[in-house]
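# Per-entry structural report
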Amino acid sequence: MRNRRRGSRAHRSRARVESAAETVLRSQSRISIAAISAVLLIVLSVMVGYNVWATTRTQSIPALVDLTARQRTFAERYVKDVVLQVEGQKADPDQSMDLLRATAATLLSGGPVEQVGSDVPIIVPEARGANLRQKLAAIKGLIGDLNAAGDDLLATPTWSSTFSSKLLHLRVLGALVSSSTADASSELSRDAEGRLKGLVEIEIFLGLLGASTALTMGLVLRHSATRQSALFRSLVRGSTDMIFLTAREGRVRYASPALLTVLGRPPSTMLGRSLDDIIDTRRSDNTAKWFRGTPPPDGPLQPLTVVFIHQDGSLRDIELDATARFTDRNIRGMVINARDVTERRRADDQLRATLARTHAIVETAAEGILTINDRGRIESFNRAAELIFGYNSSEVIGQPAALLFADLAAAPSLGEGGSRAAQGTWEGGCARHDGSSFHAEMAISSVQLGQRITHTAIIRDTSERDALQQRLTHQALHDQLTGLANRTQLLERVAHGLMRADRDDALVAVLFLDLDRFKVVNDGLGHNAGDQLLIETARRLKELSRSADTVARLGGDEFVILYESLADVSDAVHIARRILELVSEPYGLDEGEAFVSASVGIAFASVGDSPDNLLRKADVAMYRAKEAGRNRYEIFDHEMQAWADKRLAVENALRYAIDRDELRIHYQPTVDVRTGEIRGSEALVRWQRGDELVGPEEFIEIAEDTGLINTIGGWVLGQACRDTAAWQARHPDAEPLQVAVNLSGRQLAQPDFVGSVAAELALSGIEPSSVIFEVTESVLLANTEAALLTLGRLKALGVRIAIDDFGTGYSSLSYLRRFPVDLVKIDRSFVEQLGTDGQSATIVEAIIGLAHALDLAVVAEGVETAEHLAALSTLGCDLAQGFYFRAAIPKDEFEEFLDAELSRTP
């Protein structure tokens, strides 16, 4: 009976301890009362000592759990403070980082930790166990990386292209610190669970031994169990992980308070339910094997990541870490630790997406991109690098990066032997797989993650760019058609020659060459033939010149040759003669044979000459050669300078002649040879330059060269139309007077010329048939097709066309059939010989006969005597002009002359 009563008291004592600790602890041992009595004193001593030791050991466990929770909070706060400070809000990331570093140091090395509600701190022991210390040390290193990433982000402008990637890196590191801390906390929880179990079992065992002192032992056990229960509750409630205890069939027997924090569900709502009830099975791994069917063997299960449904319907990623304890009589189920990894998985997903995008960018980049480890070995090799170097990535990965360079001595350092890579840019020779080399540019950067350094090299093959640069440089300094130097290079060479002339007293000469009648070939045979002629001319000039000389084409048919060192002036003259000979030789073109000549101007460098000035001198000399008859050379002298200055002065003054109302029109009558009646007039421009009346021979050529002829010609046409319209109105009964206006080649080339003529006709009100445009043969032949088109459009307006100075040009008489001509004007050189030169009379007769056969009227110029008029009448000429009738006179005098003549007409 005594044994039965003592067993009963021991049973009640164990029940009280188990209830206080909230554990399912049972003891089926039978301990004899005699044994308990024998060891009573020893047990009491051991229990007291053990209780003191256990209390000391277990007091630090809630502090550790609380400390890990603080560490996660401080990590999240630091990331948030950095982001707030970047956004310009008030935050103190340095304080958060200091707290985070202090917490990590305490977890690893131990130290005092303040208790909630107590001024007495708890001394946390130094972390033990290699695995735990390794994790805590890794967390401390991650905190250092997090601090560095935060400082880097704070120093990076928000508009920088790298800002987004650095922000993502900061958040990933924060998530890693948080998840690693949670992992360490779980290990502390498991360690605490083991300690708790051991402590409880030992104290129960000691309680059984002290059954004879049930009251004393019960009080001790009760006190210890209460303390352990508080410890367990503190451990569980302080943990950020959710802790579940499930029965064999999968029903939840216990859920920790963290369930409310993480999923918004009170723990009581899960009791008796399965975790499958709050798991989104469509997005989760298979968890059925945990809760249904044959229970798994005792021990840790393979971790799972599932999706839990929050009370508000949102989804949270939860990582499950379970241990099966079905054979443990104290548990008979599974202990499950569940931690929220939503933010970590989101960061992981973002990181994976970023890596995928980065990989896509790298693989589609036009530049070669490769990474090299800190031993100088290639780790990655993108598609562009394969194309550039000719290697497959599998052939070079793991190989030294040095194999990519043509000259190892000049190659950049890429981490060989553990050294840091050269930062910045590098240019030099690289080697392809086939052994060929090419020039490349390389941008090198290094990134250090922990103790590992990765070097990134971005390589661009600059061979094509360099070739293009060379081509562009060549094009910038050379004529594209002939390959000769252009004006830019010529001026540089001339400047060099002038410096040499000053330094070495050398004789420097410039020969300015312009092809005569090139336009005839270009328009007659086509632009392709013209290009061939220019190319052949360039070849001939290069053949004539020495390697030290510079042959250049300035554009069109103008060439320049620079001779930097001549022995004598006669050398330049000899070269000019050779140029004239070479250019005069026939040109065999695809379209046929062509002949041209050249006009050459020679200028010698003198003290104070600039490149432009020396070229201008040679240009002036070339123009004098053209004026002197072409196919010749002229040497620049001071008289030419005076001529050029005078020409420039005339040009400058002529530009203001219209605005200053200095232009005048003189009219010369045109008379019917048979009746003597006035049929019209020719409008001839004059320039009232101060007190001097300047004839067209002194300024028309300048106007042609400068393009001023377009303005002058337009003014003459408008004034002549208005004057003629007024005279027609004064003599309405007379046959309408006609007016002839000279037309230049530049006017014919104007795109809007026909439109401007139509506008002048409409403005003056004169009939188009009253206007005659006189065009010389040379103008027609200078641009045959364009002239034919423009004259046809003028003819369509109703105006009449006359060929001036007929018989003096190079054209065939058959050209009369091609052009829409109404009149032919016989040149004065033939008319003035009538009566004294029979050959002239024959030519005039032939011209008149041909013109009449083509239904063209004939006008004879230069009629000065009655004999001239009689001869023309005999030959059948239609109209005549000349001093015999009246010289060209001003408008007012011509008007008086016209009134007098028409008043005598019956």
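In what follows, the structure referred to is the one given above.
Report on the accompanying structure.

### Overview of unusual backbone geometry
Unusually for a residue other than glycine, R332 sits at a positive phi of about 50°. Checked against the element boundaries, R332 lands in the loop between β7 (315–325) and β8 (333–340). In this structure, D661 is a non-glycine residue whose phi angle is positive, near 55°. Looking at where D661 falls in the secondary structure, it is placed in the loop between α19 (638–654) and β21 (663–672).

### Re the pattern of salt bridges
The full count for this structure, using the stated rule, is 40 salt bridges. Among the ionic pairs, R383 bridges to E386, the shortest N-O distance being 3.1 Å. Taken together, the residues span about one helical turn, with R383 and E386 both in helix α11 (residues 383–389) at a distance of three residues. For R383, a relative accessible area of 42% corresponds to the partly exposed category. Here E386 falls in the buried class, since its relative accessible area comes to 15%. With a closest N to O distance of 3.0 Å, K617 and D609 form a salt bridge. Judged by relative accessible area, which is 10%, K617 ranks as buried.

### Notes on the environment of D466
With respect to the helices and strands, D466 occurs in helix α13 (residues 463–477). You can call D466 partly exposed: its relative accessible area is 23%. Distance in space between the C-alpha atoms of D466 and H439 is 8.4 Å, their sequence separation being 27 residues.

### A closer look at the layout of surface pockets
As a volume, the second largest pocket reaches approximately 1700 Å³. Elements with a minimum of two residues in the lining of the second largest pocket: α5 (130–154), α6 (163–209), α10 (342–364), β9 (368–372), β10 (378–381), β12 (437–449) and β13 (452–461). Among the elements that make up the lining of the second largest pocket, the one with the highest residue count is α10 (nine residues). In terms of residue class, the lining of the second largest pocket is made up of 15 nonpolar, 17 polar and five charged.

### A short note on the environment of H433
Looking at where H433 falls in the secondary structure, it is placed in the loop between β11 (424–431) and β12. Separated by 41 residues in sequence, H433 and N392 place their C-alpha atoms 9.5 Å apart. Here H433 is in contact with F389, G390, Y391 and E395, once residues within four sequence places are set aside.

### Focus on the pairing of β10
For a regular strand, side-chain orientation follows a simple rule: the groups alternate between the two sheet faces. The sheet contact formed by β9 and β10 spans three bridges and is antiparallel. Each bridged residue has a counterpart across the sheet, and for T371 the counterpart in β10 is S380.

### Comments concerning the sheet that holds strand β15 (residues 550–555)
Taken together, five strands build an open sheet; the order of strands is β15-β16-β14-β19-β20 and the sheet is mixed. On the outer flanks of this sheet lie β15 and β20 (632–635), each paired with one strand and no other. Going from strand to strand, the sheet's axes swing by 20° on average, the running direction of each strand aside. In this structure, β15 lies alongside strand β16 (residues 558–566), joined through five bridges in antiparallel fashion. Bridging across to β16, R553 finds its partner in F559. Across the sheet, helix α16 (residues 527–544) lies against β14 (507–516), β15 and β16, angled at about 5° from β16, the strand it touches most.

### Here's the deal with the packing of aromatic side chains
Aromatic rings considered in pairs are described by the distance between their centres and by the relative angle of their planes. Counting across every chain of the model gives 10 aromatic pairs. Considering the side-chain rings of Y667 and F894, the 5.6 Å spacing of their centres and the 35° angle between planes classify their relative orientation as tilted. Remark: F894 occurs in helix α30 (residues 891–904) and Y667 occurs in strand β21; sequence separation between them is 227 residues. Relative accessible area serves as the criterion here: at 0%, Y667 is assigned to the buried category. Over the ring of Y587 we find R540; its NZ or CZ atom is 3.8 Å from the centre of that ring.

### Describing the packing of helix α4 (residues 93–109) against α5
In contact at an axis separation of 9 Å, α4 and α5 are set at 165° when each is read in the N-to-C sense. By the angle between their axes, α4 is roughly antiparallel relative to α5. When you trace α4 past α5, the crossing you get is left-handed. Of the residues in α5, those touching α4 at M97, L100, R101, A104, L107 and L108 are R133, L136, A137, K140, I143, G144, L146 and N147.

### Quick notes on α30
The terminal C-alpha atoms of α30, which comprises 14 residues, lie 20 Å apart, in line with the 20 Å expected from a rise of 1.5 Å per residue. Along α30, the positions that sit buried rather than exposed are F894, F897, L898 and L902. Buried residues of α30, seen end-on, are gathered within an arc of 120° and therefore sit on one face of the element. Those residues of α30 that are exposed and aimed more than 90 degrees away from the buried face are D892, E896, S903 and R904. On its buried face, α30 sits against β21, β22 (678–689), α21 (708–730) and β30 (889–890).

### Re the nonpolar core
Membership of the largest hydrophobic core comes to 74 residues, with the highest contact counts inside it found for W687, V771, F773 and L794. Counting residues per element, this core draws most heavily on α21, at nine residues. For V771, the contacting residues outside a window of four places in its chain are L717, C721, V739, L761, I766, V799 and R800. The next biggest cluster of nonpolar side chains, apart from the first, holds 31 residues, and it includes L513, L580, V583 and A598.

### Digging into the packing of α21 against helix α23 (residues 753–764)
Relative orientation of the contacting elements α21 and α23 amounts to 25°, with a least axis distance of 9 Å. Of the possible angle classes, the one that applies to α21 and α23 is roughly parallel. Handedness of the α21/α23 crossing: right-handed. Here α21 contributes G714, L717, G718, C721, R722 and A725 to the contact with α23, which in turn contributes V757, E760, L761, L763 and S764. Here the residues of the contact of α21 with α23 are counted per class, giving six nonpolar, three polar and two charged.

### Remarks on the sheet that holds β10
Here we have five strands laid out as an open sheet, ordered β10-β9-β13-β12-β11, and antiparallel in their pairing. With partners counted over all chains shown, the strands left at the sheet margins are β10 and β11, one partner each. Between one strand and the next, the sheet's axes are offset by a mean angle of 30°, whatever the strand orientation. Alignment of β11 against β12, held across eight bridges, turns out to be antiparallel. Across the sheet, G429 pairs through a bridge with H439, a residue of β12.

What counts as what
- Residues numbered from 1 in each chain as written.
- Predicted model: local features only at pLDDT ≥ 70, side-chain atom pairs only at ≥ 80, totals over all residues.
- Heavy atoms only, no water.
- Helix = DSSP H or I, 4+ residues; strand = E, 2+ residues; numbered from the N terminus.
- Salt bridge = Lys/Arg side-chain N within 4 Å of Asp/Glu carboxyl O.
- Buried < 20%, exposed > 50% of the residue type's maximum accessible area, 1.4 Å probe, protein only.
- 1 Å grid on protein atoms, 1.4 Å probe; cavity = no way out; pocket = protein on both sides within 12 Å on 5 of 7 lines; lining within 4 Å.
- Points joined across faces, edges and corners; volume = space filled by probe spheres on them.
- Nonpolar A, V, L, I, M, F, W, Y, C, P; charged D, E, K, R; others polar.
- Contact = heavy atoms within 4.5 Å.
- Pairing = 2+ DSSP bridges.
- Axes fitted to C-alpha atoms, helices over the stretch in contact; angles between N-to-C directions.
- Phe/Tyr/Trp six-rings, centres within 6.5 Å; stacked < 30°, edge-to-face > 60°.
- Lys NZ or Arg CZ within 6 Å of the ring centre and 35° of its normal.
- Parallel < 35°, antiparallel > 145°, perpendicular 65-115°, else oblique.
- Left-handed = near helix turned anticlockwise from the far one by under 90°.
- Expected span 1.5 Å × (residues − 1).
- Arc of directions from axis to C-beta.
- Core = buried A, V, L, I, M, F, W, Y, C linked by side-chain atoms within 4.5 Å.

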